[in-house]
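The chain contents come next:
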Amino acid sequence: MIGGLYRPGDSPIHRIRPGAKLVALFVFAIGMLAFSSPLVAGAGLGLASLAYPIGGLSWRIAFAQIRPLLIVLVVLFAVQAWLVSFEAGFLLFLRFAALVVAAGLVTLTTRTSDLVETLERGLSPFARFGVDTAKVSLAISLAIRFMPVIAAVLSDIREAQAARGCDRSAIALAVPLIVRLLKMGDEIAEAIDARS
């Protein structure tokens, strides 16, 4: 269930050190949140998408990162557009799409073990304050790793409901999604405790 999404390759992006990729992802996320302009968010989404061919990955793979989340993004857009403005909804849609595509690129071109090791090294100065750097780094890497997994779970639920002829209401999607994620969370917590 928690196997890596890593796609082996020898592209320029594969060769970038994991720490540099994580810093770039962090800076990219700050940039997406710092500017309240749909133009900047759209440029960020375009930039993240253009990085896929550089990483030896097709645009189909880039779209696959976001496709399962489209219904959630559309709902967020609609709510924001209704409560605030169309531009605010469009900005939110573009920001989330850009962040999911960028995080997907990192997980597709970096082994999960390398991410965990890099995070442990980066957090090592906090060990003197009693922080369990191994657990924190594992939690962060799992959060990055599970963005596409959550999207896949959502897609599975939608397909199962469509096969049963169920409607596509937000509650009908949210309840089984939350139940599945809580079950996955329990399994992961047990695995982390067993590893300790």
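Above this note sits the structure.
Bear in mind the structure is a predicted one, so any value in this text is a computation, not a measurement.

Asks: Describe the packing of helix α4 (residues 59-66) against helix α6 (residues 86-109), and please don't skip the residues or the numbers.
Replies: Running from amino to carboxyl end, α4 crosses α6 at an angle of 120°, the nearest separation of the two axes being 9 Å. Considered as vectors, α4 and α6 are oriented oblique to each other. Read as a crossing pair, α4 and α6 show a hand that is right-handed. In contact with Ile61, Ala62, Gln65 and Ile66 of α4, α6 contributes Ala97, Val100, Val101, Gly104 and Leu108. A class-by-class count of the residues in the contact of α4 with α6 yields seven nonpolar, two polar and no charged.

Asks: Which residues make up helix α2 (residues 18-34), and what are the values?
Replies: Taking 1.5 Å as the rise per residue, α2 with 17 residues should run 24 Å; its terminal C-alpha atoms sit 24 Å apart, in good agreement. Every buried residue of α2 is accounted for by Pro18, Lys21, Leu22, Leu25, Phe28, Gly31 and Met32.

Asks: Can you lay out the packing of α2 against α6 for me, pointing to particular residues and giving the numbers?
Replies: One way to put it is that α2 packs onto α6 with a least axis distance of 10 Å and a crossing angle of 180°. Of the possible angle classes, the one that applies to α2 and α6 is roughly antiparallel. Counting all contacts with α2, which are made through Lys21, Leu22, Leu25, Phe28, Ala29, Met32 and Leu33, the residues of α6 involved are Arg95, Ala98, Leu99, Ala102, Ala103, Val106 and Thr109. In terms of residue class, the contact of α2 with α6 is made up of eleven nonpolar, one polar and two charged.

Asks: So, a nonpolar patch on the surface: which residues are in play, and what are the values?
Replies: A cluster of nonpolar side chains, contributed by Val75, Val79, Trp82, Leu83 and Val84, occupies part of the molecular surface with about 560 Å² of accessible area. Along the chain, valine 84 falls in the loop between α5 (70-83) and α6.

Asks: Please set out the packing of aromatic side chains residue by residue, giving values where relevant.
Replies: The tally for this structure, following the rule as stated, stands at two aromatic pairs. Look at phenylalanine 77 and phenylalanine 86: their rings are 5.4 Å apart centre to centre, the planes differ by 85°, and that puts the pair in the edge-to-face class. For phenylalanine 86, a relative accessible area of 56% gives the class exposed. Residues phenylalanine 86 and phenylalanine 90 carry aromatic rings whose centres are separated by 6.2 Å and whose planes lie at 15° to one another, so their mutual orientation is stacked. Of this pair, phenylalanine 86 and phenylalanine 90 both sit in helix α6, four residues apart, which is roughly one turn of that helix. These aromatic residues form a ring-pair network of at least three members: Phe77, Phe86 and Phe90.

Definitions and limits used
- Residues numbered from 1 in each chain as written.
- Predicted model: local features only at pLDDT ≥ 70, side-chain atom pairs only at ≥ 80, totals over all residues.
- Heavy atoms only, no water.
- Axes fitted to C-alpha atoms, helices over the stretch in contact; angles between N-to-C directions.
- Helix = DSSP H or I, 4+ residues; strand = E, 2+ residues; numbered from the N terminus.
- Parallel < 35°, antiparallel > 145°, perpendicular 65-115°, else oblique.
- Left-handed = near helix turned anticlockwise from the far one by under 90°.
- Contact = heavy atoms within 4.5 Å.
- Nonpolar A, V, L, I, M, F, W, Y, C, P; charged D, E, K, R; others polar.
- Expected span 1.5 Å × (residues − 1).
- Buried < 20%, exposed > 50% of the residue type's maximum accessible area, 1.4 Å probe, protein only.
- Patch = residues over 30% accessible without salt bridge, like charges linked within 9 Å, V, L, I, M, F, W, Y side chains within 5 Å.
- Areas by Shrake-Rupley, 256 points an atom, 1.4 Å probe, with all protein chains shown as cover.
- Salt bridge = Lys/Arg side-chain N within 4 Å of Asp/Glu carboxyl O.
- Phe/Tyr/Trp six-rings, centres within 6.5 Å; stacked < 30°, edge-to-face > 60°.

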